[in-house]
Structure formats: structure tokens, C-alpha cells
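Examining the three-dimensional arrangement
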Amino acid sequence: MPASDTIVALSTPAGESAIAVIRLSGCACPELGQSILGRQSGLKARHAYFGIYLDIKGKRIDDCVVTLYEAGKSFTGEAMLEIAPHGNPLIVQKIMEDLMARGCRPAEPGEFTRTAFMNGKMDLSQAEAVSDLIRARSDKSIEVAQRQLHGSVGRKMSELTDRLLSVMAHLEAYIDFPEEDLPDENQSGPAMDLRKLINEINELIETQHYSALLHEGIKTLIVGEPNVGKSSLINALTGSDRSIVSDIPGTTRDYVSAFLMIGPWRIEILDTAGLHEAVDVIEQLGINHTIEQAETADFFLLMLDSSGDSPTLPAELLARTTAENTIVVENKIDLTGSVSHDAFMPDFKHARVSLLEREGISELRQQWQASIEAGLKQPNADGVVVNARHAAALGDARDALELAADKLKNLELSELVAADLRDAVEFIGRVVGKVDNERMLDSLFKQFCIGK
Ligand SMILES: Nc1nc2c(ncn2[C@@H]2O[C@H](COP(=O)(O)OP(=O)(O)OP(=O)(O)O)[C@@H](O)[C@H]2O)c(=O)[nH]1
Ligand SMILES: [Mg+2]
């Protein structure tokens, strides 16, 4: 049997490991499984066989465990084979070369998942979730990716489509049987249903922001006057000497970033140049960078030296801070002159710490987590979070529904309204991949790793 339509890839990371997993998908898998183990009879599906991998010339390569999955009951929907030898890169290379010699071809990035999608084993949003799950870097993003993998986005889209189809049926019945006893065209029913759908789609589109926060991290800026302990804070939080600390004001000239976890949340934290009337050009450039970064920050740790006066900070920066997205961190409470600065930004939460004595840091982390959770607009109860691609398709659907709603209001012909509704159904379908667009699929699956 020709193996040219059988793909192969190493599914575990390249390098040394206890075992490696080489994965194959395609019609040659049953025969290959039998042949590499030198067996007289075929392998029973979903049984693990321990044996010796024999190459095409009958030479022993390594002990391995081989598992066959039958077509229709595998990840890709095709027959699949998993070969698990010892995780030695040389052994893996020999097996890969042997499989090529037997006619298999290397898989493209994401080709296993693409095949699964093409064979109807999953919708496009589930295929995307496979990649999101592999890349997830926080408990929260793992949770969302797992929900999506189990079809949360697909179910929501089919619910929206059903509701839209019922509005269409209502209108189309009117087109088909205008003389029958149906409500007149100024039906409040469909108009209200449409409005509800539009609102719900808008809410879904908003969850895109949440998805970006999950994947990229909540961008948090440490800001304050020079010498208050900003660099000491990033170092304490990350447990490293990420940023230079010194008693010379203006030590940090440009921002320094790192990643850390606050509870289940991934945080991108930036230590910035101290804010004050700069005397030299380089320092001023650093201060300008801080203000630029503040434009796109999600959260602020506004730091002050509790033994000194309350700070004076640039208005552009203060305009970005709110009681929800900022904690005032009063540092150096170990110093004798330290006093409470509760009166400074009194509506904001305050945390009192001594980075020198390592006091108050875990309380700060707790307060920070509580603020994130209170301030973040978490998705609705069914936990659906959309990505940028979904949001774009839903935006088109929403626009089509707005057109339909306007036409309904202006008592335009039901046929015209129905045409907009059909467009909306098609746009919603794009989220789960009901679209004939090879180029879109190419670019989407290219972002996957090989072996998935
Ligand atoms: N007493 C005391 N000193 C501290 C504390 N935290 C930091 N310092 C000291 O304050 C000085 C400034 O600390 P940095 O972390 O460099 O301050 P910064 O805000 O990053 O300063 P710039 O980069 O110049 O804006 C250093 O000498 C630190 O050792 C603290 O809790 N108590
Ligand atoms: Mg600094």
C-alpha cells in the first residue's frame, strides 16, 4: 500500500527525554505498525505493543511501544500510529529516516489538527483551542482553552444560529404566506429578538479583550518618583535581579519587563524610569517611554516612599489610573520617618510594604489578585471567550443584524431583511469554520507546531 499520504512527525520536543513520541496519520498506518514490529499478524487497535523497532532492512533500532488507532476513532479521523522509543535524538532520527524510506512524508505544522478539522472531528474553534492549550501560560488560559476544546465556542455559535434561524423562519413564513394570519411586518417579536441577539454578540466580542489578557498577560506598570523602590519591587516579585537597584535616583533609564503569576493570572510587569522633572535628555526619553507604556497598561502599581512627601506625577499618567486598576504601594515602612499616605489618592487601595525587610509582599499579591478579579470583566456564565478571528466574524454578523433591524424598523420588505439575516448566519458560521477559504486555513494552521 502506498504510504505517500501518510504523514509523520515527532510530537514531543526535540532533545533528550525518557521517551519520545513519533506520530503518524494515514492509510499506511496499520501495515506500518505490523511491519516495524516484525509481526505476522496485524495490530489490534488501541492496544499498546512493546517490541523492537526493525527498520526497512530488518535492522534493530530500539525498544519501543507502538499503538494503532483505527480510522474513524482517532484524533485525525484517519488511521494513526504512535511509536514511543527512548527519547534519544539519534534514535528518533533513525526512525524518522526509516519511515521516510518507507514512503511517509513529514507533516506540515498543524497538519494533524487540520486533518482532524477536515474530517469533521472538530470545528475550527476547537482546532484553535489545541494550539491555545499548548501555548497557555496560566491556569486561567488553560481553563479557557480546555473549555473551547470541548466545544464551548461551537455550542454558543450554534445556539445563536438557531435563534437567528427562528427569527428568519418567522419572517420567511410571512413572505411565503402573507395572506395568512401572521402578525404584520411591524412585528415587535422579531425586532426584539434581533436586538437581544445584537446585544449578546456585542458582549461576546468584548470577551476578546479578556482573551488577549489571558494570552499576553495583564500588563502592569510600576510607576513612581525616582528612588522609591520600583526596581526593588520587580526584583522581589520575580525573585531575581532583573533590574538594577541603587540609591542613586534615576538608576532605571528605560523600562525593564518580566513575567510572573498572581494567583492564576499571567502578568507582564514593567519597571519604569522614575517620574520627575528630568535634568538630562536620556532620562527624559525614559520618562517619555513610561508615559507611552501607560497608554496601553491594564494595571498600575503606583509606588511612593512612605518616609517622604506624597508624589507629584504627570497628569497624563494619573488620567489612566482608577480605583479599580491601581494600587498605591507605600514602600520603606521600615524607616523611622515612615507615615501613612492614606490621604494621597484616598479612593484607591493602598498597600504598605518594606522591600528591604520583605514585609507586606504577600499581602500586596493578595490585594492585587482581588483587584484583578474585581476589575476584570469576566466572561458570562457559559465561559465563552472569543479570539480576534472570532470577534471579526461576529462583528460582521452584528453589522448585518443591525442592517436587518433598521430595515424592520423602517417596514422594508421582509425579503430584504431575510437577506441580511442569511448573511449574519454565514458570518457566525465562519467562527467554527463553515467557510470555503483555503488561504484562511493555511495561515491559521501555519501557526501550529509540527506534530500537532
Ligand atoms: N529602607 C529601605 N530602603 C529601600 C527599600 N526598598 C528599596 N530601598 C532602597 O531604595 C533605593 C532605591 O531603590 P530602587 O529599587 O533602585 O528604586 P527605583 O524606584 O527603581 O529608582 P529609580 O530607578 O532611580 O527610579 C535603593 O538603595 C534600595 O536599596 C525599603 O523597603 N526600605
Ligand atoms: Mg529603578
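Heads up: the structure comes first, above all this text.
This text gives an overview of the structure that appears in the document. Keep in mind the model is a prediction, meaning the values are calculated, not measured.

Focus on the overall build of the protein
When helices and strands are counted, the protein shows 14 helices and 13 strands. Seen along its three principal axes, the alpha-carbon backbone of the protein occupies a region of about 85 × 80 × 35 Å. Relative to its full complement of 452 residues, the protein shows a buried share of 38%. Counting only contacts in the protein whose residues sit at least 6 apart along the sequence, the fraction spanning at least 24 positions is 65%.

Quick look at the sheet that holds strand β10 (residues 265-271)
The six strands lie next to each other as β9-β10-β8-β11-β12-β13, forming an open sheet whose pairing is mixed. On the outer flanks of this sheet lie β9 (256-262) and β13 (349-352), each paired with one strand and no other. Between one strand and the next, the sheet's axes are offset by a mean angle of 25°, whatever the strand orientation. Strand direction decides the pairing type here: strand β11 (residues 299-305) and strand β12 (residues 326-331), joined by six bridges, are parallel. Paired with Leu-302 across the two strands is Val-328, which belongs to β12.

Comments concerning the packing of helix α12 (residues 388-409) against helix α13 (residues 414-431)
Interaxial distance between α12 and α13 falls to 8 Å at its minimum, and their mutual angle equals 170°. When the interaxial angle is binned, α12 and α13 end up roughly antiparallel. Of α13, the residues touching α12 (which contributes His-390, Ala-393, Leu-394, Asp-396, Ala-397, Ala-400, Leu-401, Leu-403, Ala-404, Lys-407 and Leu-408) are Leu-416, Val-417, Asp-420, Leu-421, Asp-423, Ala-424, Phe-427, Ile-428, Arg-430 and Val-431. When grouped by side-chain class, the residues that make up the contact of α12 with α13 number 15 nonpolar, one polar and five charged.

Things to note about the environment of Glu-357
When you line up the elements, Glu-357 lands in the loop between β13 and α11 (361-375). What makes Glu-357 exposed here is the crowd of 11 C-beta atoms within 10 Å. Between the alpha carbons of Glu-357 and Ser-371 there is a distance of 25 Å; along the sequence they are 14 residues apart.

Description of the environment of Glu-426
With respect to the secondary-structure elements, Glu-426 resides in helix α13. Classification of Glu-426 as partly exposed rests on a count of 16 C-beta atoms within 10 Å.

Structural notes on helix α4 (residues 124-135)
Taking 1.5 Å per residue, 12 residues should reach 16 Å; α4 reaches 17 Å between its end C-alpha atoms and fits that length. Within the sequence span of α4, burial applies to Leu-124, Ser-125, Gln-126, Ala-127, Glu-128, Ala-129, Val-130 and Asp-132.

What to know about the nonpolar core
If you look at the biggest cluster of nonpolar residues, it comprises 103 residues, and the most contacted ones within it are Leu-24, Ile-222, Met-303, Val-329 and Ala-397. Once residues lying within four places of it in the same chain are set aside, the contact partners of Leu-24 are Thr-6, Ile-7, Val-8, Cys-29, Leu-32, Met-80, Leu-81, Leu-99 and Cys-104.

Regarding the site of ligand 1
Around ligand 1, the surrounding shell holds 22 residues, and the nearest of these are Ser-231, Ser-232, Thr-252, Gly-274 and Leu-356. Element by element, the count of residues in the shell around ligand 1 is highest for helix α8 (residues 230-238), at three residues. Residues belonging to the shell around ligand 1 are distributed by class as follows: seven nonpolar, 11 polar and four charged.

Scoring rules and cut-offs
Residues numbered from 1 in each chain as written. Chains lettered and ligands numbered in written order. Predicted model: local features only at pLDDT ≥ 70, side-chain atom pairs only at ≥ 80, totals over all residues. Helix = DSSP H or I, 4+ residues; strand = E, 2+ residues; numbered from the N terminus. Buried ≥ 20, exposed ≤ 12 C-beta atoms within 10 Å, placed from the backbone. Contact = placed C-beta atoms within 7 Å. Pairing = 2+ DSSP bridges. Axes fitted to C-alpha atoms, helices over the stretch in contact; angles between N-to-C directions. Parallel < 35°, antiparallel > 145°, perpendicular 65-115°, else oblique. Nonpolar A, V, L, I, M, F, W, Y, C, P; charged D, E, K, R; others polar. Expected span 1.5 Å × (residues − 1). Core = buried A, V, L, I, M, F, W, Y, C linked by C-beta atoms within 7 Å. Near = placed C-beta within 6 Å.

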